[in-house]
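# Close look at the chain arrangement
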Amino acid sequence: MRFDPRSLLLVACNALLLYVTLLINASLASINLHLILLGPMIVIPALYLNHTSFFLSTLLTGLWVDAAFPTSFGLFTFSFLALGTILFSIRYRFHAERNFHPSLLAHATNLTCILIMTLWHGHAYFSSGAFWIQVSITTLLSHIALLFVAPWLFDLERLLFKICRLETEPEDLPIT
Amino acid sequence: MAKLRLSKYYPLVALGAFFALWWIAPAVFKSFLKVSFTEFQAPAWIASSYIDDLESFWARRSHSKLELINAGQELARQKAFYRLLDERNAALEEEISRLEEILDVPGRREFRYEVARVIRRDLNAWWQQIIIRKGNDYKIPVGSAVIFEGGVVGRIVEVNAFTSRVELISSPSFRMAASFSGDDRPVVYQGEPQSGFGTPSGTVRDAPQDLVATTDSPIQLVSTRLGGTFPPGLKIGKVRWLEPGSTGIFQAGKVELDEALLSLHEVSILIPLNPLDLENNAF
C-alpha cells in the first residue's frame, strides 16, 4: 500500500496532454475538426503502478478531465476508473515496457471514451446524419493522431521516470 | 492460495466502494470539487491567451513605420465617421425616448457591453462552446447574451472566477425566440448537430405559412426582445428555404449561421442594467 510518486508524475503528464489537445482543438475549430485523445491517460497508470497509486492517479486524471469538459461531473472519473480497473486486472498479459501493447490499449480505451461521450451526450441526436458524420470524422482523426501521440506520451513518461530517478519498471512484469 | 484468489477482486471491490461513496456524496462536495479543479486549470488558459496577445504585439511591432502611419490615417478616418454615427445615434435615441413617452410604451431593457477575449474554442459533435477571459471579476451573470459583429454568439452558461463558458448558438441544446427581419411574429430558433462541413447551421420552427424564402432572396432571422436575454434586431442567420413543419400548420427551415462563429477572437457580453427578477415577478 506504499505511495508511488510516479502517480503524480503521470497525472501531470495527463494534464499536459489534455492542455495540448485542447489548444490544438481551439486552433482546429475554424476548420470544424476536433481531437479526443483520452485513451493514453489511463494506460500507463494501470500497467505500471500498484493499485493504490493507480487509483489515485486515475481518480485525479478523471476529475481533471471532468472539470475541463462540459460533461456531467464524474462521467470521466467513473469511466477512467472502470476502464483502468479492467486494464489493471489483466495487465500481466501486456508488455508495458514497450510501446506496442500500450498503444493498442490506448486506441481501445480512446474508442470506448468516444463511445461513452456519444451515448451520454449524443443520445438525443442519434437520428441526425450530421451528428454521425461529425463523430466519425472526430474518431478517425483522433485515432490517426493517437498513432503518433500515444507512443510519444509513453516515451515521455518513461523518460521522466528516469530523469526523476524513479522506478522505471512496471510493478508486475508480464507472464512469458 | 485463498488469499491470492481474493486479492484478484480487490480492484473491483475498490471500484465498487468508490462508486457507492460517490453516489452518497453530497452535491455540495461534488460542486466544490468541480469548481476547485476548474479554477486550478484556469490560470494555464489565461496565461496562454496573454502569450497570444504578446505574440500579436510583437507581430505588429515588425510592421514598418509607413504601414503604421497608413493604418493610423485609416483609423482616424474611421473614428471621424463613427463620431458622426454616434451623434446621429444619440439624436435617434432621444427621439425614440420622446416617442415612447408620448405613446406610453413600456421601457426597453438596457445593457452594459463587456468586451472579452476568447481563450478556448471547443466545437465538436457533443458540445459547442467557447471560454472567455472574463468571469466573476467583471460581474458577468449567468444567462447573459453574447454577441459579435456578425450577430448572436450564444449565452453564458457558467461563470468562474476569471473565465466564463459560453454555449454557442450552433449548439444543439441552444434555443431562443426569434423573428424574421421585417416581420414581428415570433418563431423558434434551435441549434443542431453540426456535420463538420460548410458553415455552421441551426433550425427555425413555427414560421408562419405566408413567409417565402428562396435561394436568391434569403430572409434574415433576427433576435426579438421576447425572453429578455437578447435585444431585438441582432442577426442570427439566413434562411434560404422554408417547408411545412411536422405539424403542417407552421413552416420550418435551416438557418445558415455566420462562418466567423468558428474562429471568434473577441465577443461582447450584454449585461442587463435592470435584471429581470423572474422569481419575484411570477404569478
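Residues numbered from 1 in each chain as written. Chains lettered and ligands numbered in written order. Predicted model: local features only at pLDDT ≥ 70, side-chain atom pairs only at ≥ 80, totals over all residues. Heavy atoms only, no water.

## Description of the overall build of chain B
The secondary structure content of chain B amounts to 5 helices and 12 strands. Considered along the principal axes of its C-alpha atoms, chain B spans approximately 90 × 65 × 45 Å. Buried positions account for 40% of the 283 residues belonging to chain B. Looking at chain B alone, contacts between residues at least 24 apart form 58% of all its contacts between residues at least 6 apart. Here chain B has roughly 17,400 Å² of accessible surface; of this, 60% comes from carbon and sulfur atoms. One way to put it: in chain B the 32 positive side-chain charges average out to a point 9 Å from where the 34 negative ones average out. (Helix = DSSP H or I, 4+ residues; strand = E, 2+ residues; numbered from the N terminus. Buried < 20%, exposed > 50% of the residue type's maximum accessible area, 1.4 Å probe, protein only. Contact = heavy atoms within 4.5 Å. Areas by Shrake-Rupley, 256 points an atom, 1.4 Å probe, with all protein chains shown as cover. Lys, Arg positive; Asp, Glu negative; His and termini not counted. Charge placed at Lys NZ, Arg CZ, Asp CG, Glu CD.)

## Examining the interface of chain A and chain B
Taken together, the contact between chain A and chain B spans 47 residues of the former and 38 residues of the latter. A buried area of about 3,900 Å², summed over both sides, lies between chain A and chain B, and 73% of it is on carbon and sulfur atoms. Considering only the side of chain A, the residues that lose the most area to chain B are A:N32, A:F73 and A:F78, jointly responsible for 16% of the buried surface there. Linking chain A with chain B are 0 salt bridges, by the criterion used here. Taken together, the connections running from chain A to chain B amount to 6 residue pairs in polar contact (both at pLDDT 80 or more). Of all the elements in the fold, those that place two or more residues in the side of chain A that touches chain B are α1 (6–28), α3 (51–68), α4 (75–89), α5 (100–121) and α6 (129–163) of chain A. Broken down by class, the residue content of the side of chain A that touches chain B amounts to 31 nonpolar, 15 polar and 1 charged. (Buried area = accessible area lost by both parts, 1.4 Å probe. Salt bridge = Lys/Arg side-chain N within 4 Å of Asp/Glu carboxyl O. Polar contact = N/O pair within 3.5 Å; in protein donor to acceptor, adjacent residues only side chain to side chain. Nonpolar A, V, L, I, M, F, W, Y, C, P; charged D, E, K, R; others polar.)

## Remarks on the sheet that holds strand β6 (residues 175–180) of chain B
Residues and elements named next belong to chain B. The 6 strands lie next to each other as β6-β7-β8-β11-β10-β9, forming a closed barrel whose pairing is antiparallel. Neighbour to neighbour, the strand axes of the sheet diverge by 40 degrees on average, direction disregarded. In terms of strand pairing, strand β9 (residues 219–223) meets strand β10 (residues 235–244) through 4 bridges, oriented antiparallel. Within the sheet, the bridge partner assigned to I219 lies in β10 and is V239. (Pairing = 2+ DSSP bridges. Axes fitted to C-alpha atoms, helices over the stretch in contact; angles between N-to-C directions.)

## Focus: the sheet that holds strand β1 (residues 111–123) of chain B
All names here are of chain B. With antiparallel pairing, the 6 strands of this closed barrel are ordered in space as β1-β2-β5-β4-β3-β12. Direction aside, the axes of adjacent strands within the sheet are offset by 45 degrees on average. Direction of pairing for strand β4 (residues 151–159) relative to strand β5 (residues 164–168): antiparallel, over a ladder of 5 bridges. Across the sheet, G154 pairs through a bridge with L168, a residue of β5. With respect to the sheet, helix α3 (residues 27–61) is in contact with β1 and β4, its orientation differing from that of β1 by roughly 95 degrees.

## Some thoughts on the packing of α4(A) against α5(A)
Residues and elements named next belong to chain A. Closest axis-to-axis distance for the α4/α5 pair is 11 Å, and the angle between their directions is 145 degrees. Crossing hand, α4 versus α5: right-handed. Residue-level inspection shows L75, F76, S79, F80, L83 and L87 of α4 in contact with α5, the latter providing L105, T109, T112, C113, I116, M117, W120 and H121. Here the contact of α4 with α5 is composed, by residue class, of 10 nonpolar, 4 polar and no charged. (Left-handed = near helix turned anticlockwise from the far one by under 90°.)

## A short note on the confidence of the model for chain B
Residues and elements named next belong to chain B. Per-residue pLDDT for chain B has a mean of 87; in total, 94% of the residues score no lower than 70. The element-level mean pLDDT for chain B is lowest in helix α5 (residues 278–281), coming to 54, with β5 highest at 94. Prediction confidence for the complex, expressed as pTM and ipTM, is 0.87 and 0.88 respectively. (pLDDT = per-residue confidence, 0-100.)

## With respect to the packing of helix α2 (residues 40–48) of chain A against α6(A)
The relative placement of two packed helices comes down to the angle between their axes together with the axis-to-axis distance. Residue and element names in this part refer to chain A. Running from N to C, α2 and α6 cross one another at 40 degrees; their axes reach a closest spacing of 10 Å. Judged by the angle between their axes, α2 and α6 are oblique. Note on packing geometry: the crossing formed by α2 with α6 is right-handed. Residues P40, V43, I44 and Y48 of α2 form the contact with α6, whose participating residues are L146, A150, L153, F154, E157, R158 and F161. For the contact of α2 with α6, a count of residues per class yields 9 nonpolar, no polar and 2 charged. (Parallel < 35°, antiparallel > 145°, perpendicular 65-115°, else oblique.)

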